[in-house]
Amino acid sequence: MKSTKPQPSRLLHMASLLFVAMMGASILTLLPLWVGALTDQGIFTGQQIGWLASADVIGIFLSSASAIFWVRKLPWQPMALLGLALFTVANLASLGVEKFAPLMAIRILAGLGCGSAYAIALAGLGDQRNPQLAFGLMVTAQVAFGTIGFFAVPRIMGEADISGFFHYLNGWLAITIALCFIAFPCSQKATDTNESVFATMLSGPALLVFATTVVYYCGVSAVWAYLERIGINLGLGSAEVGDLLGIGFAISGLGSLATPWLSGYVGRAATLTIAMTAQVITMAVLIGEYTLDAYLLYATTSIVFQFFWSFSLPLLMDQFNRVDDTGRFIVLCASAFKVGEIAGPPLAAALISEGNYSAVLWLGIGCMAITLLMALTTERRRAATVPVMATV
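As the structure is a prediction and not an experimental result, all values here were calculated from the model.

**Some details on the overall build of the protein**
- Helix and strand content of the protein: 16 helices and zero strands.
- A separation of at least 24 residues holds for 86% of the contacts in the protein among residues at least 6 apart in sequence.
- Element-wise, carbon and sulfur atoms account for 68% of the exposed surface of the protein, whose accessible area totals about 15,700 Å².

This is the structure in structure tokens:
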């Protein structure tokens, strides 16, 4: 009888996957600080800042979208190391660049490297025995990265200006590269399958799942990109806002771990409804006149928003696995994230009027409502085709 105790190699493989996935989302995780630093520089216009906020995710989208063709064919370790190395070099190349076009191009290159490694990590996590738990651990790792970042990066940038942002990223990338060099898993799914890649991507259920995540991340990234500015607009100091975002990130890690537990008790549809409704309420409270103490209002809404953002992700990501048995479609989860992230910040920037962020919050509310309808449609279709649902 085989032991169920995890072997050291399996633990190292999981750790390397989690670190790569953590860095794959690093730019979005720290997006409010990136946008805030660009704004404080006073070099770029509001629209340029919106596009720079999306530059990395353009590259991530391009590389992760292509991964559906190669992720089960090419060796994972060298591909991941190559992508992480490109990300690191692009961060170094970004130091001191103060012109829009060169910085935009460099950040797209950073995204190309980041996205290829991220796609491999998503495929590896999808290969785990309990994918929903694996994705929950991934979100928790991203939360830990952000928690440290929101406390550390503003202080680092105080000493090293905006270059401190890239130094922080590269410090974590050095650890990730070393870990991947020591141990990294191989694909657990067949490299050849009778099902066409295009048949997988273009099926009705797959398109719906992809679109659901795009809409969700459009709303999340639009609000998240300007959540730091919303706090400043309430009259809070930069350090206060950074600390509250860091506290919210720390608490949000519990959300991704709670998702498998709650969905097992009340069902996936009810869990999705709770998550989206809670996020809508937090955004609605910030619209209009404020009657609560500004610090208390911002602390409550930012923390709840982040908690249920993390809470939602394992369910949305697992829908990719549930509509495809070949293990290839999951890599497009990153592409769906990035399409939403590419659209969200520039759209939000266009909606801001004289420092008023209400339109950004309305955009977020609308996206959450549409996401819920689409995600529930997927769950209903799944329930209709699988009479007895397996527990996850």
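What follows continues from the structure just given.
**Some thoughts on the environment of Gly 255**
- Position of Gly 255 relative to the elements: it lies in helix α12 (residues 238–266).
- A relative accessible area of 0% places Gly 255 in the buried class.
- As a C-alpha pair, Gly 255 and Ser 312 span 57 residues in sequence and 8.1 Å in three-dimensional space.
- Beyond its immediate stretch of four places on either side in the chain, Gly 255 contacts Phe 307, Ser 310 and Phe 311.

**Structural notes on the environment of Trp 34**
- Position of Trp 34 relative to the elements: it lies in helix α3 (residues 31–41).
- Overall, the relative accessible area of 1% leaves Trp 34 in the buried class.
- Linking Trp 34 and Ala 225, residues 191 residues apart in sequence, is a C-alpha distance of 8.6 Å.
- Excluding anything up to four places from it in sequence, Trp 34 contacts Leu 52, Ala 53, Leu 103, Ile 162, Phe 165 and Phe 166.

**Considering the packing of helix α13 (residues 268–285) against helix α14 (residues 294–322)**
- Where α13 meets α14, the axes come as close as 9 Å, and the angle between the chain directions of the two elements is 150°. Compared by their axis directions, α13 and α14 come out roughly antiparallel. The two elements α13 and α14 cross, and the hand of that crossing is left-handed.
- Partitioned by chemical class, the residues of the contact of α13 with α14 number 15 nonpolar, six polar and three charged.

**Considerations on the packing of aromatic side chains**
- With the rule as written, the count across this model stands at 17 aromatic pairs.
- Here Tyr 216 and Tyr 217 contribute two aromatic rings whose centre-to-centre distance is 5.8 Å and whose plane-to-plane angle is 75°, an arrangement assigned as edge-to-face.
- Centroid distance Phe 307 to Phe 311: 6.3 Å. Interplanar angle 20°. Geometry classified as stacked. One end of the pair is Phe 307 and the other is Phe 311, both in helix α14 and four residues apart, which spans about a single turn.
- On the basis of relative accessibility, which here comes to 3%, the residue Phe 311 falls in the buried class.
- Aromatic ring contacts, followed pair by pair, group Phe 150, Tyr 216, Tyr 217, Trp 224, Phe 305 and Trp 309 into a single cluster.

**Details of α12**
- With 29 residues, α12 extends 40 Å between its outermost C-alpha atoms, agreeing within 8% with the 42 Å of an ideal straight helix rising 1.5 Å per residue.
- The principal kink in α12, of about 40°, is found at Ala 258, preceding the proline Pro 260 by one to four residues.
- At the exit of α12 stands Gly 267, carrying a positive phi of roughly 95°.

**Quick look at the side chain of Asn 91**
- Locating Asn 91 in the fold gives a position in helix α5 (residues 76–93).
- The exposure class assigned to Asn 91 is buried, which follows from its relative accessible area of 0%.

**Describing the environment of Gly 340**
- Looking at the element boundaries, Gly 340 is found in helix α15 (residues 332–351).
- Residue classification places Gly 340 among the buried positions, given a relative accessible area of 0%.
- It is 6.1 Å that separates the C-alpha atoms of Gly 340 and Val 215, two residues lying 125 residues apart in sequence.
- Residues in contact with Gly 340, not counting those within four places in the same chain, are Val 214, Tyr 217, Cys 218 and Ser 221.

**Things to note about helix α6 (residues 100–126)**
- The end-to-end C-alpha separation of α6 is 37 Å, in line with the 39 Å expected for 27 residues at 1.5 Å each.
- In terms of burial, α6 is a largely internal element, 20 of the 27 residues being buried.

**Focus on the confidence of the model for the protein**
- Looking at the protein, the pLDDT average stands at 83 and 89% of residues meet or exceed 70.
- Helix α9 (residues 197–201) is the least confidently modelled element of the protein, averaging 56 in pLDDT, while α5 averages 94, the highest of any element.
- The model gives residues 1–6 a pLDDT under 50, and that stretch makes one contact with residues more than four places away or in other chains.

Cut-offs applied
- Residues numbered from 1 in each chain as written.
- Predicted model: local features only at pLDDT ≥ 70, side-chain atom pairs only at ≥ 80, totals over all residues.
- Heavy atoms only, no water.
- Helix = DSSP H or I, 4+ residues; strand = E, 2+ residues; numbered from the N terminus.
- Contact = heavy atoms within 4.5 Å.
- Areas by Shrake-Rupley, 256 points an atom, 1.4 Å probe, with all protein chains shown as cover.
- Buried < 20%, exposed > 50% of the residue type's maximum accessible area, 1.4 Å probe, protein only.
- Axes fitted to C-alpha atoms, helices over the stretch in contact; angles between N-to-C directions.
- Parallel < 35°, antiparallel > 145°, perpendicular 65-115°, else oblique.
- Left-handed = near helix turned anticlockwise from the far one by under 90°.
- Nonpolar A, V, L, I, M, F, W, Y, C, P; charged D, E, K, R; others polar.
- Phe/Tyr/Trp six-rings, centres within 6.5 Å; stacked < 30°, edge-to-face > 60°.
- Expected span 1.5 Å × (residues − 1).
- Bend = angle between axes of the 7 residues up to and from the residue.
- pLDDT = per-residue confidence, 0-100.

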